[in-house]
Amino acid sequence: MGVGYAIADKSTNTAAAPAVGATGAAQAGPPKYRSRPDLRTLPDVTITTQANGTAPGYIFLTPASGAGLWGPLIVDDKGSPVWFKKVADPATVAIDFKAQQYRNKPVLTWWEGTIGGTGGQGVGQGEFVIADEAYREITRVRAAGSDQADQHDFVITGQNTALFWVYQGVPYDLTSLGGPKDGVLFDGVIQEIDIATGKLLFQWKARDHVQPADSYAPLPEGESAHLPYDYFHANSVGLAADGNIIASSRHLWTTFKINRKSGELMWRLGGKKSDFKIDEKAAFAWQHDFRQRRDGSYSVFDNGAGIGKPVHEYSRGLVFKLDEAAKTCTFVQEYVHPQKLSAPTQGAFRELLDGGSFIGWGQMPYFTEHSADGTVRLAGNLPKDNQSYRAYKAEWSGQPLDQPALGLRTENGNVIVSTSWNGTTKVTKWRANYGTQPGALQGPPVEADRDGFETTMQISGTPEYVVAEALDSTGKVLGTSSAIPVRA
C-alpha cells in the first residue's frame, strides 16, 4: 500500500491539517472534502438534466480555469468526482483525457504540458501519459526528433502504436498571401510512434500536400505579424475502418484521408478544394474531432464558429455519410445543445456503445449525452469560468493501490468520520472501526452506503482511534485506512 491521506480535527470550525501525502497549506474554513483537503479548489460539476437511460460509464474532463486545480478528472453521472490527479510540474495543464486500450488492456491517457508559448495560438508543448487501472504510470510518449508533441489528439492503435500531431515552425515565403518573405509557417505533422520503443514509424507533413492559400485563417497582423502563420491547425487524427488515416484541419475546414503507407492524399472533404459534393446541411466549419462511426458513417464536432463571423448559428454534433465512389456527402443527423450553444474553440463528439452520443462543448463548459434520436438524456457543466478541451464518456474500472483517506472531527461529543478513496469504482459501502488502540478496535462498527466522492459517518462518543474500511457489493474489504487518533 502507498501513502494515504489521514487527518483529525477536534473543532467543527477549523480546517484539519493534511498529514503526509497531502499537498498545499491549510486554509481558513472547512475544506470541500475533509478527507482530502488538497482538493479544496477542485471545480464542482453540476448536473442540470439528471441521467435518464444513459449508457454505462464515467465522464472524463480536463478542467482548466485560473483559480482551480488542473488535471485529469473522472466524474459519475451525478457529477461526483471519482478520480483526480493534479498535473505534475513543470506542466501546467492536462488535455484530452480518455480511456483507451494498450496491449489489450484498459488504460487512461492524457497530455501534460504548457499552452501558448508561441503567442497564445493554442499550440502546446508536452508529452502524453499512459496509466493503468491502478493509476500507475506505464510510460510517456514523446515526439520523435527535437519537436514536442501537440495536445490536440492521441490515438493508440491496435498495433500498439500512437498517432498524434506535432506543430512544426518552418521558414516560409508568405509574400503571395500578403505576408513577409521571411515568414514562418506552422505546419501540421502527423507522427506514428511505436509506444514501447519510441521508434518513428510514419510521418506526414501537411505542407507537402496542402497550400497555405487554402486556409480560412487570416495572416497575423500588427503586433502579431512576426508570429508563425497557423494556416492548418491540426486538431484530430485517427484511423478509418480500412486502416488509413483521417486527419482534421480546423483552419482549412477540411478533413483528409491519408494513405497510411505512402502518405498520399486519398480524398479531402470540405474547405476550398473538397473532392465531395456536400449537402448544405452537412457542411462544417472550424471543426474538431472527426471520426468514423461503427456503421461506416462519419461524425464531427462542427463548431460553426472560430475566427471572425460565425458560419452557423450554433455548434452541433454532425453525422453524415460519404459515398467515396460517387464523391457525395449526405447529411444524416445533428445533435444540438438545448441552449443552442456556439463554441468558437475546442469540442468533442463521440458515439457511445448503445448507439447514443456524447458531446463536450469545448470552450463552453458544458457536456451532454444524447439518445440515438438526439434526445438529451444527461446534461451538465463545469463552472462558468472553466472549460474542458474535450469531454468523453466511457466505461472504466479503477483499482487504486494507495490507502483510503480518512478525516475526523468531533462534534457534540461524537466523532464525525469522513472517508474517501480517490479512483475507486468498486466501493459500495464504508465501515468505520474504532477503539482504544490501533490494534484493539473493539467498538461495534458503523457502516454507511457510499455517498459520492466522500462518505460521512458518525461514531457515538470519542474513541481513541478510528479506521475506515472500503467494502464492495459482496462485503469484501477492498482497502483499509491508517488508524488515526481522534485527539491528534
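Use the structure listed above.
Note that the coordinates shown come from a computational prediction; the quantities given were computed from them, not determined experimentally.

Colleague: Would you mind showing me how to read the packing of aromatic side chains here?
Modeller: For any pair of aromatic rings, the description rests on two quantities: the centre-to-centre distance and the angle between the ring planes. One pass over the full model with this rule turns up 29 aromatic pairs. Both rings, one in Trp 204 and one in Phe 256, keep their centres 6.4 Å apart while their planes meet at 45°; by these two values the pair is tilted. Highlighted residues: Trp 204 in strand E13 (residues 200–205) and Phe 256 in strand E16 (residues 254–258), separated in sequence by 52 residues. Relative accessible area serves as the criterion here: at 1%, Trp 204 is assigned to the buried category. Given the relative accessible area of 0%, Phe 256 is considered buried. Stacked on the ring of Tyr 216, the Lys or Arg Lys 272 has its end atom at 5.0 Å from the ring centre.

Colleague: For this particular structure, what's the right way to read the nonpolar core?
Modeller: Side chains of nonpolar character tend, in soluble globular proteins, to be buried together. Among the nonpolar cores identified, the biggest contains 25 residues, and Trp 165, Ile 190, Trp 204, Tyr 231, Phe 232 and Ile 258 are the most heavily contacted of them. Put simply, the parts of the chain that give this core at least two residues each are strand E11 (161–172), strand E12 (183–194), E13, strand E14 (234–239), strand E15 (245–249) and E16. In terms of residues, this core owes the most to one element, E11, which gives four residues. Phe 232 has contacts with Trp 165, Gly 188, Trp 204, Ala 206, Val 210, Ser 249, Arg 250, His 251, Leu 252 and Phe 256, leaving out every residue within four places of it along the chain. Ala 143, Phe 164, Val 166 and Val 189 belong to the second-largest nonpolar core, a separate cluster that totals 20 residues.

Colleague: Any chance you could explain the sheet that holds strand E17 (residues 265–269) here in plain terms?
Modeller: The strands that make up a sheet are held in pairs by hydrogen bonds between backbone atoms, and each pair lies either parallel or antiparallel. Taken together, the four strands give an open sheet; going across it, the order is E14-E15-E16-E17, and neighbouring strands pair in antiparallel fashion. Only two strands of the sheet have a single neighbouring strand rather than two, namely E14 and E17. Ignoring which end each strand starts from, the neighbouring axes of this sheet average 15° apart. Direction of pairing for E16 relative to E17: antiparallel, over a ladder of four bridges. Bridge pairing in E17 places Thr 255 opposite Leu 269.

Colleague: Would you explain the environment of Gly 198 in this entry?
Modeller: Residue placement: Gly 198 occurs in the loop between E12 and E13. With relative accessibility at 38%, the residue Gly 198 sits in the partly exposed group. For the pair Gly 198 and His 209, spaced eleven residues apart in the sequence, the C-alpha separation amounts to 26 Å.

Colleague: Help me out: how do you make sense of the environment of Gly 423 in this one?
Modeller: Among the structural elements, Gly 423 can be located in the loop between strand E29 (414–420) and strand E30 (429–435). With a relative accessible area of 0%, Gly 423 lands in the buried category. On a C-alpha basis, the gap between Gly 423 and Tyr 33 in space is 15 Å, while along the polypeptide they are 390 residues apart. For Gly 423, the residues in contact, after removing those within four places along its chain, are Val 82, Trp 83, Tyr 135, Gly 398, Gln 399 and Pro 400.

Cut-off values and rules
- Residues numbered from 1 in each chain as written.
- Predicted model: local features only at pLDDT ≥ 70, side-chain atom pairs only at ≥ 80, totals over all residues.
- Heavy atoms only, no water.
- Phe/Tyr/Trp six-rings, centres within 6.5 Å; stacked < 30°, edge-to-face > 60°.
- Helix = DSSP H or I, 4+ residues; strand = E, 2+ residues; numbered from the N terminus.
- Buried < 20%, exposed > 50% of the residue type's maximum accessible area, 1.4 Å probe, protein only.
- Lys NZ or Arg CZ within 6 Å of the ring centre and 35° of its normal.
- Core = buried A, V, L, I, M, F, W, Y, C linked by side-chain atoms within 4.5 Å.
- Contact = heavy atoms within 4.5 Å.
- Pairing = 2+ DSSP bridges.
- Axes fitted to C-alpha atoms, helices over the stretch in contact; angles between N-to-C directions.

The values reported here are purely geometric and, on their own, carry no functional implication.
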